[in-house]
Amino acid sequence: MKLNIGVLPGDGIGPEVTAQAVKVLKAIAIEFNHIFTFDKALVGAVAIDKTGSPLPDETIEICKKADAILFGAIGNTKYDDDPDATIRPEQGLLGLRKALDLHTNIRPVIAYEDLLNKSSLKVKAIKDTNLVIYRELTGGIYFGEQKLSADGNIASDTCEYQRFEIERIAHKAFKAAQSRKRKLTLVDKANVLESSRLWRRVVKDIAKQYPDVKLDYTYIDNAAMDLIINPRQFDVILTENMFGDILSEEASVIVGSIGLLASASIGDNHVMFEPIHGAYTKAANKGIANPIASILSAAMLLDHFGLDEEANRVREGVDKSLKLHITTPDLNNKYDHISTTKVGDFIEDFIHNPDETNLNFTNIHLGQSTII
Ligand code: IPM
Ligand code: MG
């Protein structure tokens, strides 16, 4: 298969982790005879520094031409502390989601057996968690009208949804549930918000077309609690933009590190794959950023194009790295100094040599002199 992939490393740890995902995709191309080409483009704070815009026109062009986009991270602390900044890195990501109409964001949350004790939650509560969050990505409060009064004392953000925006993601979420445990939970705040009541009405209607899927509803405050008390009760969670942002970050506690959660953003004409973590500016260029979320995002890219064997090879490489403790410090209490690049190298090597356990390679990269 020929794929042209737009690569937007972005800010902070984005470039380091994205480089590992690209490395992994290149290894897959070699092993499985594909032609993947990569077109790099600027986005976020680095784009502001170089061009004055967080989303230069050239970046949109590259993304529109690409078959898929691999996105790194966005944000820089210098903007976080300045509420008066009118140009912000995040506008790059939000602008891209809107320009490409990436309405459906898919965030799987799977508790790895080998990492259960890395979570601050109880092992018995999180064991066997396997859920997926369908987060609406181009509507709601993120994109509604924003106002600030002339005297600077009143501000508002509007949360607006239209029926079709709810319908298109709901269909995708129901279909996903059909191929999973056939359960869909709509998370909203229908006891307070009009927009949530529209979600309930529309989703209830659509549910009639999926009689094999059990639909239930829960309020966001309750879902926030249930998600960490008993995450196994969930299969597919469907929710609006802001609730999905918050719940998915909370869900990272289940898997032990936010550096593990990947996502796919799907539109009718474009697709983008990105880790759910942010730019983590203070960790940049130290080699401590976990590349697995980015590598698993690349696996979701392969899934999207039906390259199942390829995606599985990547996931097996990730599993192996976790099993052998070839992981960055956020997960590692066995070895010191396993860098972002070393994790990428290990998974790349696994893709080429999946049959060997590669202990030799492991030891070499761990700097241990072992003759096997
Ligand atoms: C995410 C991020 C973004 C969001 C930020 C960086 C704008 O937190 O993808 O979860 O809020 O959607
Ligand atoms: Mg977020």
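Residues numbered from 1 in each chain as written. Chains lettered and ligands numbered in written order. Predicted model: local features only at pLDDT ≥ 70, side-chain atom pairs only at ≥ 80, totals over all residues. Heavy atoms only, no water.

With an unreviewed UniProt entry as reference, the protein is termed 3-isopropylmalate dehydrogenase, source organism Pseudotamlana carrageenivorans. UniProt's Sequence similarities (unreviewed entry) comment on the protein is quoted here verbatim: "Belongs to the isocitrate and isopropylmalate dehydrogenases family. LeuB type 1 subfamily." (UniProt positions renumbered as here; feature names shortened; annotations may be inferred.)

This part covers the site of ligand 1. Lining the immediate surroundings of ligand 1 are I74, E90, R97, R107, R135, Y142 and D245. At 2.7 Å, a side-chain N or O of R97 approaches an oxygen atom of ligand 1. Between an oxygen atom of ligand 1 and a side-chain N or O atom of D245, the distance comes to 2.8 Å. Inspection of the shell around ligand 1 shows a minimum of three residues originating in each of domain 1 (1–101 + 272–372) and domain 2 (103–266). (Near = heavy atom within 4 Å. Polar contact = N/O pair within 3.5 Å; in protein donor to acceptor, adjacent residues only side chain to side chain. Domains from an automatic or database assignment.)

In this section: the pattern of salt bridges. Close approach of charged atoms allows side chains of opposite charge to pair. A complete count under the given rule lists 17 salt bridges for this structure. With a shortest N-O distance of 4.0 Å, R163 and D205 are connected by a salt bridge. Pair noted here: R163 is in helix α7 (residues 163–178) and D205 is in helix α8 (residues 194–207), with a separation of 42 residues, a long-range link. Residue D205 is classed as partly exposed on the basis of its relative accessible area, which comes to 39%. A salt bridge links R201 to E194, with the shortest nitrogen-to-oxygen separation between them at 3.8 Å. (Salt bridge = Lys/Arg side-chain N within 4 Å of Asp/Glu carboxyl O. Helix = DSSP H or I, 4+ residues; strand = E, 2+ residues; numbered from the N terminus. Buried < 20%, exposed > 50% of the residue type's maximum accessible area, 1.4 Å probe, protein only.)

Time to look at the packing of helix α1 (residues 14–32) against helix α12 (residues 308–323). Orientation of α1 relative to α12, taken along the N-to-C sense of each, is 130 degrees, at an axis distance of 11 Å. Judged on the interaxial angle alone, α12 and α1 are oblique. The crossing of α1 and α12 is right-handed. Two secondary-structure elements touch here, α1 through V24, I28, E31 and F32 and α12 through E309, E310, R313 and V314. (Axes fitted to C-alpha atoms, helices over the stretch in contact; angles between N-to-C directions. Parallel < 35°, antiparallel > 145°, perpendicular 65-115°, else oblique. Left-handed = near helix turned anticlockwise from the far one by under 90°. Contact = heavy atoms within 4.5 Å.)

Before going further, it helps to spend a moment on helix α3 (residues 57–65). Residues T59, I60, I62 and C63 constitute the buried set of α3. Each buried residue of α3 lies within a common arc of 160 degrees when the element is viewed along its axis, so the set occupies one face. Opposite its buried face, α3 presents the exposed residues D57, E58 and K65, each directed more than 90 degrees away. Buried residues belonging to α3 abut β1 (2–10), β2 (35–40), β3 (68–73) and α5 (90–99). (Arc of directions from axis to C-beta.)

All right, on to the sheet that holds β2 then. As summarised here, the arrangement of the ten strands in space is β2-β1-β3-β12-β11-β4-β5-β10-β8-β9, forming an open sheet in which the pairing is mixed. The open sheet has two edge strands with one neighbour each: β2 and β9 (214–219). Mean inter-strand twist for the sheet, computed between neighbouring axes without regard to direction, equals 25 degrees. Along the sheet, α7 makes contact with β4 (104–110), β5 (130–136), β8 (183–188), β9, β10 (236–239) and β11 (262–266), crossing β5 at roughly 165 degrees. Sitting on the sheet, α8 touches β5, β8, β9 and β10, and the angle it makes with β9 is about 170 degrees. (Pairing = 2+ DSSP bridges.)

Entries for the protein in the domain assignment read domain 1 (1–101 + 272–372) and domain 2 (103–266). Distance from the C-alpha centre of domain 1 to the C-alpha centre of domain 2: 24 Å. Taking both partners together, domain 1 and domain 2 bury about 2,300 Å²; carbon and sulfur atoms supply 61% of that area. The interface formed by domain 1 and domain 2 holds two salt bridges in total. (Buried area = accessible area lost by both parts, 1.4 Å probe.)

For the rest of this paragraph, the subject is a negative patch on the surface. Taken together, the side chains of D80, D81, D82 and D84 make up a negatively charged region of the molecular surface. Of the residues examined, D84 reaches a relative accessible area of 67% and is grouped as exposed. (Patch = residues over 30% accessible without salt bridge, like charges linked within 9 Å, V, L, I, M, F, W, Y side chains within 5 Å. Areas by Shrake-Rupley, 256 points an atom, 1.4 Å probe, with all protein chains shown as cover. Lys, Arg positive; Asp, Glu negative; His and termini not counted. Charge placed at Lys NZ, Arg CZ, Asp CG, Glu CD.)

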